[in-house]
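# What the coordinates show
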Amino acid sequence: AAKRAIDIGGAALGLLLALPILLIVGTLVAVQDGGSPIFRQARVGQNGRLFDVLKIRTMSTRKNDRETDIDGPTPTPAGPDMATLVEQLKSDTQAVTRLGRVLRMTSIDELPQLWNVLVGEMSLVGPRPLRPFEVAALDNWEMRRQEMRPGITGLWQVEGRSEIGWSERMQLDYAYIRNWSLLSDLSLLAKTPMAVLRRQGAR
């Protein structure tokens, strides 16, 4: 209950403070190629519940009509279909616009997820939400990460984001869940601004 109260208060305040940035950046993205500034992507939330994660669009609409988002390392391909999908995801990142690269490096593209937190789909702190095909690749103990609301920030973001491999990322998520406390959440929130400024693992 206390974690949820912090999420509601933090997300509401964050959205209020971020509103001028969202309006300016959203306008720039829309003017860039006429597309919608908000990008939605299906993710798997707590206990397998599907929801649309919100981000500021960072890719050109001329490349395709959907945005491919690489949110960290992907599972090791387990077959030809998975291998093809992973390669497609990597190649599509070439469609990231100049403005989009800045937004990703500064994590400004993640600000709309404060709305996901406010409505209860995400938390300020927790494991990052995975795509359905990634959840399908999880082992038994790795599924423990799905017992909590996914978060905007967490151990993975603070420790290095995309520089951390898939296996280590799963271990960090498991460690977070096993050792969760309000104090650890507050500590990770305090460390997040410095992690963003270092831009370690941002892409």
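The notes below deal with the structure included here. (Residues numbered from 1 in each chain as written. Predicted model: local features only at pLDDT ≥ 70, side-chain atom pairs only at ≥ 80, totals over all residues. Heavy atoms only, no water.)

## Structural notes on the pairing of strand S2 (residues 50-56)
Spelled out, the test is: Exposure classes here rest on a 1.4 Å probe applied to the protein chains alone. A residue is buried below 20% of its type maximum, exposed above 50%, and partly exposed in between. Strands are runs of DSSP state E lasting at least two residues, helices are runs of H or I lasting at least four, and both sets are numbered from the N terminus onward. When DSSP finds at least two bridges between two strands, those strands are taken to pair.
Counting buried positions over the 7 residues of S2 gives 5, a clear majority of the element. Across 7 bridges, strand S1 (residues 38-44) lies against S2 in antiparallel orientation. Of the residues in S2, the one forming a bridge with valine 44 is leucine 50. The antiparallel pairing of S1 with S2 creates a hairpin that spans 5 residues between the two strands, and asparagine 47 there sits at a positive phi of about 55°.

## Observations regarding helix H8 (residues 182-198)
What counts is decided by this rule: To estimate the expected span of a helix, count its residues, drop one, and scale the result by 1.5 Å. A residue's bend is the angle separating two fitted axes: one through the seven residues that end there, the other through the seven that start there. Any two residues whose heavy atoms approach within 4.5 Å are treated as being in contact.
The end-to-end C-alpha distance of H8 is 25 Å, a good match for the 24 Å that 17 residues give at a rise of 1.5 Å each. Maximal helix bending in H8 amounts to about 30°, located at threonine 192; proline proline 193 follows within four positions. Within H8 the residues assigned to the buried category are Asp185, Leu188, Thr192 and Ala195. Lining the buried residues of H8 we find helix H1 (2-33), strand S3 (123-125), strand S4 (151-153), helix H6 (155-159) and helix H7 (166-178).

Any link to function would need more than the numbers given here.
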